[in-house]
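# A structural walkthrough
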Protein chains: 2
Amino acid sequence: MNTSHLHRTRCQTCSLSSLCLPLSLSFDDVEQFDTIVRRRSPLTRGETLYMQGEKFENVYAVRSGSLKQTIIEANGEEQITSFYLPGELVGLDSIDSDTHPGFLTALERTTVCEIPFKRLESLSEQLPELRHQLYRCMSREIVDDRRLMRLLSSKTADERLASFFRNLSVRLDRCGHSAVRFRLPMSRSDIGTHLGLAIETISRVLGRFQQQGLLNIQGRQVEILDMVALSERAGIVTPCCGEQKHA
Amino acid sequence: MNTSHLHRTRCQTCSLSSLCLPLSLSFDDVEQFDTIVRRRSPLTRGETLYMQGEKFENVYAVRSGSLKQTIIEANGEEQITSFYLPGELVGLDSIDSDTHPGFLTALERTTVCEIPFKRLESLSEQLPELRHQLYRCMSREIVDDRRLMRLLSSKTADERLASFFRNLSVRLDRCGHSAVRFRLPMSRSDIGTHLGLAIETISRVLGRFQQQGLLNIQGRQVEILDMVALSERAGIVTPCCGEQKHA
DNA sequence: CGCCTAGTTGACGTCTGTCAAGCATCGTGG
DNA sequence: CCACGATGCTTGACAGACGTCAACTAGGCG
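Predicted, not measured: the structure shown is a model, and the values here were computed from it. (Residues numbered from 1 in each chain as written. Chains lettered and ligands numbered in written order. Predicted model: local features only at pLDDT ≥ 70, side-chain atom pairs only at ≥ 80, totals over all residues. Heavy atoms only, no water.)

## Some remarks on the domain arrangement of chain A
All names here are of chain A. Segmenting chain A into domains produces domain 1 (11–152) and domain 2 (156–234). Its C-alpha centre places domain 1 at a distance of 24 Å from the equivalent point of domain 2. Between domain 1 and domain 2, the residue contacts involve 20 residues of the former and 17 residues of the latter. When domain 1 packs against domain 2, close to 1,600 Å² is buried across both sides, 62% of that on carbon and sulfur atoms. Ranking the residues of domain 1 by area buried against domain 2 places Phe83, Leu85 and Leu151 at the top, with a combined share of 37%. Between domain 1 and domain 2 we count three salt bridges in total. Across the salt bridge formed by Glu88 and Arg171, the nearest N and O atoms sit 2.9 Å from each other. (Domains from an automatic or database assignment. Contact = heavy atoms within 4.5 Å. Buried area = accessible area lost by both parts, 1.4 Å probe. Salt bridge = Lys/Arg side-chain N within 4 Å of Asp/Glu carboxyl O.)

Printed below as a string of structure tokens:
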């Protein structure tokens, strides 16, 4: 029990380990994995974890709080490609070019675990489960991106926002928060930039949702009142009858 | 030199090997890799390589021709998430759920190399370069998807189409075709479904492009006349001077 | 108390989807 | 070789959704 380091926490005792990379590792393997993980002191709201174009060294697992990834194009346009919540892995999109494709910014007080990718990669040589888990994480990221693409490609503002809130609810639920009552980590403007909608549209649609009793939203405090109706609005037809899903 | 099998081709002699998974492997390693690759007889136009929901067993490398991935949602809406050209790897999005998220359909006569993922995964244990290449491929797919997301999230029909043609040109160039003169493998309707635009819009915008001398398009025969103007139209500003920007 | 940012609400224009009709292109068979 | 239908593509008219501009309100903080 050496707790010499201030931020010393261990994967073995982390409540998020069931969502994180160590997911399917044996006890001994987790211990080995734990040795390459570095805990960083918390980021404050607005602080950046890395900048666009910076050399890629580490991936990060979110422990608490939340972050956004912003890509700024040559012409100055911004796009928020994704938000990251506790238990999610950040930086997998940086492997190919060996640089970070965007800015990673904390939306609130946020703690992350830093995992040197080189060491992760070589550790994955010895631990097939870890390797598979890494492949799965990346594959999931592709699938999630495709889902968002579908959303953006043809859906109305209502569908986009309903889908966004539904997705947020599911992910918050997974990491231990309430699925129906939570505080939005991001601003309306962030949501707009992410979904390709003007901030005014966000405002109007949320107003409409509230009027129709789908949800209650005061500033950033959200309460989902009718998840079924929200899902329908998102274009998801049957929440009940068989959909194939397994790990 | 056993050439018993009809479709026996070898990675060592494949003109696309510099784009494909064996990219950074040594000669011996390529040989080892080659043993797990199965060549399939060509797919004809419209033939499916796999169906949505089917169990995931193999990834595929495109040798010639082209394919599209179509996802059909519960409500019947279709989305073409991506097109695959020679040298590109298909199926990486199936790892997480262990099933194929969509239909993979040949757009023309197409040949692919079948790579059993289980064997690929275990081979990647012994070959760090292969492992890294796999990570890179997946990472690149995420990056490409994000690019498309940005396109879909806020760009006009003109920008989407200009960007689409530019992207196609770059990819065709990479796999040995001409970058300025080629035959579109997909229909207008496919492009529309992919970019989230009505087929009529595609038609109108392409007409405009032609009128403005950006490109020449007769049916599926395309000639790009002014790549610079096309890039500008796609929202890509400076092909030259670099810009530094941060928050 | 007053400024500043975040969010709301309204008026208006435009892009693009929808519907509908017309045209070209291709393969099939007589 | 041409007729013919099927399919894919183009063009036009119109309407609706959403972006833009602008004014206004509500919190948050020195």
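## Quick word on the protein's contact with DNA strand C
Within the structure, DNA strand C sits among 13 residues, and A:Ser203, A:Arg204, B:Ala157, B:Ala198 and B:Thr201 are positioned closest to it. Put simply, 55% of the atoms of DNA strand C that lie within 4 Å of the protein are in sugar or phosphate. Contact distances for DNA strand C include 2.3 Å between a phosphate oxygen and a side-chain N or O atom of A:Ser203. In this structure, a phosphate oxygen belonging to DNA strand C sits 2.9 Å away from a main-chain N or O atom of B:Ala198. (Near = heavy atom within 4 Å. Polar contact = N/O pair within 3.5 Å; in protein donor to acceptor, adjacent residues only side chain to side chain.)

## Focus on the relation of the copies chain B and chain A
With an RMSD of 0.0 Å, chain B superimposes on chain A once it is rotated by 180° and translated 0.0 Å along the axis. Expressed as a symmetry operation, the mapping of one chain copy onto the other fits a two-fold axis. (Least-squares fit on C-alpha atoms with pLDDT ≥ 70 in both.)

## Considerations on the nonpolar core
The nonpolar side chains of a soluble globular protein tend to be buried with one another. Counting residues in each nonpolar core, the largest one holds 66 residues, and the members touching the most others are A:Phe165 and B:Phe165. Residues within four places of B:Phe165 in sequence aside, it is in contact with B:Phe182, B:Leu184, B:Leu206, B:Leu215, B:Ile217, B:Val222, B:Ile224 and B:Leu230. Core analysis: the second largest hydrophobic core is formed by 52 residues, A:Leu21, A:Leu123, B:Leu89 and B:Leu123 among them. (Core = buried A, V, L, I, M, F, W, Y, C linked by side-chain atoms within 4.5 Å. Buried < 20%, exposed > 50% of the residue type's maximum accessible area, 1.4 Å probe, protein only.)

## Regarding the interface of chain B and chain A
At the junction of the two partners, chain B supplies 54 residues and chain A supplies 53 residues. When the two sides are added together, the surface that chain B and chain A hide from each other amounts to roughly 4,800 Å², 55% of it contributed by carbon and sulfur. Summed over the three residues of chain B that lose the most area to chain A, namely B:Asp96, B:Tyr135 and B:Arg146, the buried surface amounts to 16% of that side. At the junction of chain B and chain A, the tally comes to 16 salt bridges. A:Arg146 is paired through a salt bridge with B:Asp145; the nearest N and O atoms lie 3.1 Å apart. At the boundary of chain B and chain A, one finds 32 residue pairs in polar contact (both at pLDDT 80 or more). The set of elements that each furnish at least two residues to the side of chain B that touches chain A consists of β4 (67–72), β5 (78–84), α2 (117–126), α3 (128–154) and α4 (157–174) of chain B. The element that contributes the greatest number of residues to the side of chain B that touches chain A is α3(B), accounting for 20 residues. Tallied by class, residues from the side of chain B that touches chain A come to 18 nonpolar, 18 polar and 18 charged. (Helix = DSSP H or I, 4+ residues; strand = E, 2+ residues; numbered from the N terminus. Nonpolar A, V, L, I, M, F, W, Y, C, P; charged D, E, K, R; others polar.)

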